[in-house]
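Given next are the chains, with one letter for each unit.
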Amino acid sequence: MSSQVFYRKWRPQTLSDVVGQEPVTKTLANALATGRVAHAYLFCGPRGTGKTSTGRILAKAVNCLTNKGWGEPCNSCSICQAISEGRALDLVEIDGASNRGIDEIRGLRERINFAPNTARYKVYIIDEVHMLTE
């Protein structure tokens, strides 16, 4: 039996793997193809619609060493593998419901000032961002 968490084992690895979100994935694929990726994206929707998965795929795509940030991630370079395995230092995933205090937000703001470690871009994914304090 695999020790990998079920949702991570079956999580989509490319934009074309994401099911039921064709307008979103097409928009992101076009942005990647033209090199016009925005500095922030807000994914919203009910539970289980692929918001975090799409954010992780986008992080892989912009940092991929093979495609140079211009398309689908290759899933074979060191950056793509690190993001898929959850060991990428330049992908910061935060739960806004658990880290909603002022001290946590101050810490986040301080960490943003640092340049990426190994990837081209540092990507922050904040789940439940609506739970953050004002």
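What counts and what doesn't
Residues numbered from 1 in each chain as written. Predicted model: local features only at pLDDT ≥ 70, side-chain atom pairs only at ≥ 80, totals over all residues. Heavy atoms only, no water. Axes fitted to C-alpha atoms, helices over the stretch in contact; angles between N-to-C directions. Helix = DSSP H or I, 4+ residues; strand = E, 2+ residues; numbered from the N terminus. Parallel < 35°, antiparallel > 145°, perpendicular 65-115°, else oblique. Left-handed = near helix turned anticlockwise from the far one by under 90°. Contact = heavy atoms within 4.5 Å. Nonpolar A, V, L, I, M, F, W, Y, C, P; charged D, E, K, R; others polar. Salt bridge = Lys/Arg side-chain N within 4 Å of Asp/Glu carboxyl O. Core = buried A, V, L, I, M, F, W, Y, C linked by side-chain atoms within 4.5 Å. Buried < 20%, exposed > 50% of the residue type's maximum accessible area, 1.4 Å probe, protein only. Phe/Tyr/Trp six-rings, centres within 6.5 Å; stacked < 30°, edge-to-face > 60°.

A.B. asks: Run through the packing of helix 2 (residues 22-34) against helix 3 (residues 51-63), naming residues and quoting values.
C.D. replies: Two numbers describe a pair of packed helices, the interaxial angle and the distance between the axes. Viewed as axis vectors pointing N to C, helix 2 and helix 3 meet at an angle of 15°, and their least axial separation amounts to 11 Å. One way to sum up the angle between helix 2 and helix 3 is to call them roughly parallel. When you trace helix 2 past helix 3, the crossing you get is right-handed. In contact with Val24, Leu28 and Leu32 of helix 2, helix 3 contributes Thr54, Leu58, Ala61 and Val62. Along the lines of polarity and charge, the residues of the contact of helix 2 with helix 3 split into six nonpolar, one polar and no charged.

A.B. asks: Quick rundown of the pattern of salt bridges? Include the residues and the values.
C.D. replies: Side chains that carry opposite charge are capable of pairing whenever their charged atoms lie near each other. Tallied over the full model, the rule gives three salt bridges. Between Glu93 and Arg56 there is a salt bridge; the shortest N-O distance is 2.5 Å. Of the two residues, Glu93 is situated in strand 1 (residues 91-95) and Arg56 in helix 3; the sequence distance between them amounts to 37 residues. A salt bridge links Arg106 to Asp103, with the nearest nitrogen and oxygen atoms 3.7 Å apart. Taken together, the residues Arg106 and Asp103, both in helix 5 (residues 102-112) and three residues apart, mark about one turn of the helix.

A.B. asks: Describe the environment of Lys26, listing the residues and the values that go with them.
C.D. replies: Looking at the element boundaries, Lys26 is found in helix 2. In this structure, the C-alpha to C-alpha distance between Lys26 and Thr118, residues 92 residues apart in sequence, is 28 Å.

A.B. asks: For the nonpolar core, give the residues involved together with the corresponding values.
C.D. replies: In terms of nonpolar packing, the biggest core is built from 18 residues, with Leu32, Leu91 and Val123 touching the most fellow members. Broken down by secondary-structure element, the contributors of at least two residues to this core are helix 2, helix 3, helix 4 (78-85) and strand 2 (123-127). Broken down by element, the residue count for this core peaks at five residues, all from helix 3.

A.B. asks: Please give an account of the packing of aromatic side chains that cites residues and values.
C.D. replies: The final tally for this structure, using the stated rule, is one aromatic pair. Here the aromatic rings of Tyr41 and Phe43 are separated by 6.3 Å at their centres, their planes lie at 10°, and the arrangement is stacked. We classify Tyr41 as partly exposed; its relative accessible area is 33%.

A.B. asks: Run through unusual backbone geometry, naming residues and quoting values.
C.D. replies: Within the chain, Asn75 stands out as a residue other than glycine whose phi angle is a positive 65°. Exposure remark for Asn75: the relative accessible area of 25% places this residue in the partly exposed category. Residue Glu128 is not a glycine yet carries a positive backbone phi of 55°. Looking at where Glu128 falls in the secondary structure, it is placed in the segment after strand 2.

Distances and angles like these do not, on their own, reveal function.
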